[in-house]
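# Commentary on secondary and tertiary structure
Below, each chain spelled out in residue letters.
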Amino acid sequence: MSDKLIIFDTTLRDGEQSPGASMTKDEKVRIAKSLERMKVDVIEAGFPIASVGDFEAVEAVANAITDSRICALSRALGGDIDRAGEALRGANASRIHTFIATSPIHMEMKLRMSPDQVVENAVKAVKRARQYTDDVEFSPEDAGRSEPDFLCRILEAVIDAGGTTLNIPDTVGYNLPNQFGELIHTLRERIPNSDKAIFSVHCHNDLGLAVANSLSAVLNGARQVECTINGLGERAGNAALEEVVMAVRTRQDMFSCDTDIDTTQILTASRLVSGITGFAVQPNKAIVGANAFAHESGIHQDGVLKNRETYEIMRAEDVGWHTNRMVLGKHSGRNAFRTRLEELGISFDSEADLNAAFKRFKELADKKHEIFDADLQALVTDTSTREVDERIRLVSLLAHSETGETPRAIVTLSIDGGEQKIESTGGGPVDAAFKAVEKIVQSQTELQLYSVSNITKGTDSQGEVNVRLEKGGRIVSGQGSDTDIVTASVKAYIQALNKMLVPSERAHPQV
Ligand code: KIV
Ligand code: ZN
């Protein structure tokens, strides 16, 4: 009989630590519901002490989810743990995840604590967390660069204090697969009470090894993997959930464990996360990239048609790739719209949200008579159905480009209810429109990223635009979709500006 491999998703916590990937409370709840549908075991919803907004987001996820366990992060500090415990009060099943750094460089330079003090703090933190829940996870931060002897010492003490999951993070993505697997093996062998806790791993992707390191750990007895949708996360990201899950499922000949994940939900979750965060998925990304199951060369196509296993090791449908068929059109009604979205795993919290999305669908169907699943997914993550406080709204846009003429745009915006109209020229119609918006808003933000991609095939496809803005070290992103890419661009820009207008004072857990 194979063991269970616990999937701990940290898209809403470590994923959100990616600069520009911050999510609103409603967005977090929407992603959490998608993870719950996927049967993720544990959802790390955030770091409640970071800000009031972070606390409320964890609380909202804890109240909205019934099937997955909800986890909150805390440093090994009393105040952090109490805040995590309070945020999780409404959860059906809860976990507090507390951590402290254990590598010589972190203890000396960051914490300025002796190893003895670190052990003492870890034990205290776990005991305090146990007052709120009997499910307590402990992480020795930067374990990948910590001394194995010290790890054995602190982890043994933490298990005695009531820690139930020991998570071994390769915080800076420094380890190699054989080395990391060996570390897990050593810890399990040498810690006398290791059988009283589940070993977990949390790998960062700085050397592109997060998934390989996680799998090596699983082969050496880890029974929980921490991961994120699309591999989102600090710097180069975390191990990608979809890759870990599909590697274990596809290579059951090598693993003596498997997850409970409903893999058919993977693509929907991937699109939801990339739509909300604006972190696009590269076409050649494993499992969820647009080309992951595309067979370009004639030889491959021939082979796949004769017997799909000649070149395919997984079935596209098993991870949620449906044939991108036309699902709805101009005459489709509200019920058909709602039903198709439900089939895609998208539900609405209120009739008002459904009505707003249906109105956008009708507008889109007037411009584009074939509506595909991907259009519907973009539509529900588009501005009009999101919870961003929209102080700035697009009223109208006229963009003009003509051979031999300077491109120009006239933009009318409503800001806090008052309308302003301005004309600007630029290198192209998008540049002219952005300059007009900036003349009105005077945000003094810097455009860090601008990208356009087509949602479906064909020149009548909607363009999906991602914009990332920076101001004073803070980074926000915005997304917009429309059949007119200048309009999509302005929508994305305005969404990012609206996010920038919301003040943010949040603490980073690891700094
Ligand atoms: O990377 C890391 O070490 C973390 C810890 C908080 C587990 O994210
Ligand atoms: Zn991390």
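Our structure's up above, just so we're on the same page.
Residues numbered from 1 in each chain as written. Chains lettered and ligands numbered in written order. Predicted model: local features only at pLDDT ≥ 70, side-chain atom pairs only at ≥ 80, totals over all residues. Heavy atoms only, no water.

At this site the zinc ion (ligand 2) is bound by Asp14 (OD), His202 (NE2) and His204 (NE2), with donor distances of 2.0 to 2.2 Å. Donor residues binding the zinc ion (ligand 2) come from one chain and are separated in sequence as D-x187-H-x1-H. One end of the pair, Asp14, is in the loop between strand 2 (6-9) and helix 1 (25-37); the other, His204, is in the loop between strand 8 (198-203) and helix 8 (210-219), and 190 residues separate them in sequence. Judged by its relative accessible area of 1%, Asp14 is buried. A residue is classified by how much of its surface remains accessible, and His204, at 2% relative accessible area, is buried. (Donors = N, O, S within 2.8 Å, 3.2 Å for Na, K, Ca; no water. Helix = DSSP H or I, 4+ residues; strand = E, 2+ residues; numbered from the N terminus. Buried < 20%, exposed > 50% of the residue type's maximum accessible area, 1.4 Å probe, protein only.)

Further remarks concern the environment of Gly478. Along the polypeptide, Gly478 turns up in strand 18 (residues 474-482). According to the relative accessible area criterion, Gly478 is buried, its value standing at 0%. Along the backbone, Gly478 and Ala492 are 14 residues apart, and their C-alpha atoms lie at a distance of 4.6 Å. Apart from the residues lying within four places of it in its own chain, the contact partners of Gly478 are Val465, Asn466, Val467, Ala492, Gln495 and Ala496. (Contact = heavy atoms within 4.5 Å.)

The next thing to look at is the site of ligand 1. All residues in the neighbourhood of ligand 1 are listed as Arg13, Asp14, His97, Phe99, Ser139, Glu141, Pro169, Thr171, His202, His204 and Gln510. Across the complex, the protein chains shield 100% of the 260 Å² of accessible surface that ligand 1 would expose by itself. (Near = heavy atom within 4 Å. Areas by Shrake-Rupley, 256 points an atom, 1.4 Å probe, with all protein chains shown as cover.)

It is worth spelling out the side chain of Asp258 at this point. In this fold, Asp258 is placed in strand 10 (residues 257-258). A polar side-chain atom of Asp258 sits 3.0 Å from a polar atom in the side chain of Arg249. (Polar contact = N/O pair within 3.5 Å; in protein donor to acceptor, adjacent residues only side chain to side chain.)

A word on the packing of aromatic side chains. Two numbers describe a pair of aromatic rings. These are the distance of the centres and the angle of the planes. A complete count under the given rule lists five aromatic pairs for this structure. Residues Phe337 and Phe361 carry aromatic rings whose centres are separated by 5.0 Å and whose planes lie at 25° to one another, so their mutual orientation is stacked. Of this pair, Phe337 sits in helix 12 (residues 334-343) while Phe361 is found in helix 13 (residues 351-367), placing the two residues 24 residues apart along the sequence. Both residues of the pair, Phe337 and Phe361, belong to the buried class. (Phe/Tyr/Trp six-rings, centres within 6.5 Å; stacked < 30°, edge-to-face > 60°.)

On to the sheet that holds strand 17 (residues 463-471). With antiparallel pairing, three strands are arranged side by side in an open sheet as 16-17-18. Looking at which strands have only one partner, the edges of the open sheet turn out to be strand 16 (446-454) and strand 18. The sheet shows a mean angle of 15° between the axes of neighbouring strands, taken without regard to direction. One ladder, built from eight bridges, connects strand 16 with strand 17; its direction is antiparallel. Bridge assignment links Asn454 to a residue of strand 17, and that residue is Gly463. (Pairing = 2+ DSSP bridges. Axes fitted to C-alpha atoms, helices over the stretch in contact; angles between N-to-C directions.)

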